[in-house]
Amino acid sequence: MVIPLNKLKDGVHEFRATSCAAGLGIDEDVFAADISTVITVDKRGLNYYIIIMSETAATFCCDRCLEKFDMEIKNKSRILYTKDESLVDSISKEKEGVRFIKPDDIEIDFSDNIKQFLMLEVPYKKLCDEECRGLCAKCGQNLNLGKCGCGDDYIDPRWEKLKDLK
């Protein structure tokens, strides 16, 4: 999503766009739904205060039961773009999210920002449900669908020697 800077006057401006995963360079199998983005630009002199809000749906495989499930992914991020180099030097040491743009730049492409912010929202542990019971370690039965016949006395062979410690 590209925002033209040279036509913006001081004040708040809002831009809306819908894109697909391929357009952002992310996995189309996971992010099959459209990605809706609203970018609010508050221009004040040489500074552009940016708020990026993106949302989409993603399909993941549960880490416990291996079933596919859909999850809503939302992100709201703030960035300060400035043409004032001294401001970048003084602020960026304290905070990230401050970026310098050349005085002759006429537009900003936010596609990479949108991609990075969405990828940061993908959970490390993907669970279809917090109460997911996973798979039986012995027979592979999905324990969310019902109990298996293995019983509770099954011990993974790798841990069998620990029974001898007392």
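Note on numbering: residues in each chain are counted from 1, in written sequence order. Two thresholds apply to this predicted model, a pLDDT of at least 70 for residue-level local features and 80 or more for giving and counting side-chain atom pairs, whereas whole-chain, interface and lining totals are computed over all residues. Heavy atoms from the whole structure form the basis of all side-chain values; hydrogens and water molecules are not counted.

### Regarding the overall build of the chain
Thinking step 1. When you go through the chain residue by residue, the secondary structure sums to three helices and seven strands.
Thinking step 2. The helix and strand sequence of the chain, counted from the amino end, reads β-β-α-β-β-β-α-β-β-α.
Thinking step 3. For the chain, the C-alpha atoms occupy an extent of roughly 70 × 40 × 20 Å along the three principal directions.
Thinking step 4. The burial tally for the chain puts 34% of its 166 residues in the buried class.
Thinking step 5. The Shrake-Rupley method, run with a 1.4 Å probe, gives the accessible areas here. Residue values count only the displayed protein chains as cover. Per element, the accessible surface of the chain, about 11,300 Å² overall, is 49% carbon and sulfur.
Thinking step 6. Looking at charge distribution, the chain has the averaged site of its 25 positive side-chain charges lying 3 Å from that of its 31 negative ones. A run of H or I in DSSP becomes a helix once it reaches four residues, and a run of E becomes a strand once it reaches two; helices and strands are each numbered from the N terminus. Type-normalised accessible area, obtained with a 1.4 Å probe on protein chains alone, sets the label of each residue: buried when under 20%, exposed when over 50%, and partly exposed for intermediate values. The charge count includes Lys and Arg as positive and Asp and Glu as negative, but it does not include His or the ends of the chains. Each charge is placed at NZ for Lys, CZ for Arg, CG for Asp and CD for Glu.

### Side note on the nonpolar core
Thinking step 1. Nine residue types can take part in a nonpolar core, namely buried Ala, Val, Leu, Ile, Met, Phe, Trp, Tyr and Cys, and a core is a set of them joined through side-chain atoms within 4.5 Å. Phe-31, Tyr-48, Ile-50, Ile-52, Tyr-81, Phe-110 and Ile-114 are the most contacted members of the largest nonpolar core, which totals 32 residues.
Thinking step 2. Contributions of two or more residues to this core are made by α1 (21-24), β3 (35-44), β4 (47-61), β5 (68-82) and α3 (111-121).
Thinking step 3. By residue number, the principal contributor to this core is β4, which donates five residues.
Thinking step 4. It only takes one pair of heavy atoms within 4.5 Å for two residues to be counted as in contact. Residues within four places of Ile-50 in sequence aside, it is in contact with Ile-39, Thr-40, Val-41, Ser-77, Arg-78, Ile-79, Tyr-81 and Phe-110.

### Points about the pattern of salt bridges
Thinking step 1. In what follows, salt bridge is the name for a side-chain nitrogen of Lys or Arg lying within 4 Å of a carboxyl oxygen of Asp or Glu. Evaluation of the coordinates by the stated rule reveals five salt bridges.
Thinking step 2. Here Asp-10 and Lys-43 are joined by a salt bridge, their closest N and O atoms 3.2 Å apart. Linking Asp-10 in the loop between β1 (2-4) and β2 (11-19) with Lys-43 in strand β3, this pair joins segments that are 33 residues apart in sequence.

### Describing the side chain of Thr-40
Thinking step 1. Note on placement: Thr-40 falls in strand β3.
Thinking step 2. Judged by relative accessible area, which is 17%, Thr-40 ranks as buried.

### As for the sheet that holds β4
Thinking step 1. Within the open sheet, the five strands sit side by side as β2-β3-β4-β5-β6. Their pairing is mixed. The sheet is open, and its two edges are formed by β2 and β6 (98-100), each paired on a single side. Strand-to-strand, the axes of this sheet are offset by a mean angle of 25°, without reference to chain direction.
Thinking step 2. Where β5 meets β6, three bridges bridge the pair, whose relative direction is parallel. Among the inter-strand pairings, Leu-80 is bridged to a residue of β6, identified as Val-98.
Thinking step 3. The angle between two axes is taken between their N-to-C directions and runs from 0 to 180 degrees, where each axis is a line fitted to C-alpha atoms and a helix contributes only its stretch in contact. Along the sheet face, α3 touches β3, β4, β5 and β6 and points at about 130° away from the line of β5. We call two strands paired when DSSP finds no fewer than two bridges between them.

### Some details on the confidence of the model for the chain
Thinking step 1. Per residue, pLDDT captures the predictor's confidence, and it can take any value from 0 to 100. Looking at the chain as a whole, its pLDDT mean stands at 86, while 92% of the residues score no less than 70.
Thinking step 2. When mean pLDDT is taken per element in the chain, β3 scores highest with 94 and helix α2 (residues 85-91) scores lowest with 67.

### Thoughts on the environment of Phe-100
Thinking step 1. Tracing the backbone through its elements, the reader meets Phe-100 in strand β6.
Thinking step 2. For the pair Phe-100 and Phe-60, spaced 40 residues apart in sequence, the C-alpha separation works out to 36 Å.

### Here we look at the packing of aromatic side chains
Thinking step 1. Under the pairing criterion, centres of Phe, Tyr and Trp rings, with the six-membered ring standing for Trp, must be within 6.5 Å; the plane angle then separates stacked pairs below 30 degrees from edge-to-face pairs above 60, leaving the rest tilted. One pass over the full model with this rule turns up two aromatic pairs.
Thinking step 2. Arranged with centres 6.1 Å apart and planes meeting at 45°, the rings of Phe-60 and Phe-69 form a pair that is tilted. Phe-69 matches Phe-60 in its accessibility class, with the two residues each being buried.
Thinking step 3. With a centroid separation of 5.7 Å and 90° between ring planes, the pair formed by Tyr-81 and Phe-110 is classed as edge-to-face. Taken together, the residues span a long stretch of sequence, with Tyr-81 in strand β5 and Phe-110 in the loop between β7 (107-109) and α3 at a distance of 29 residues. Summarising the burial analysis for this pair, Tyr-81 and Phe-110 share the class buried.

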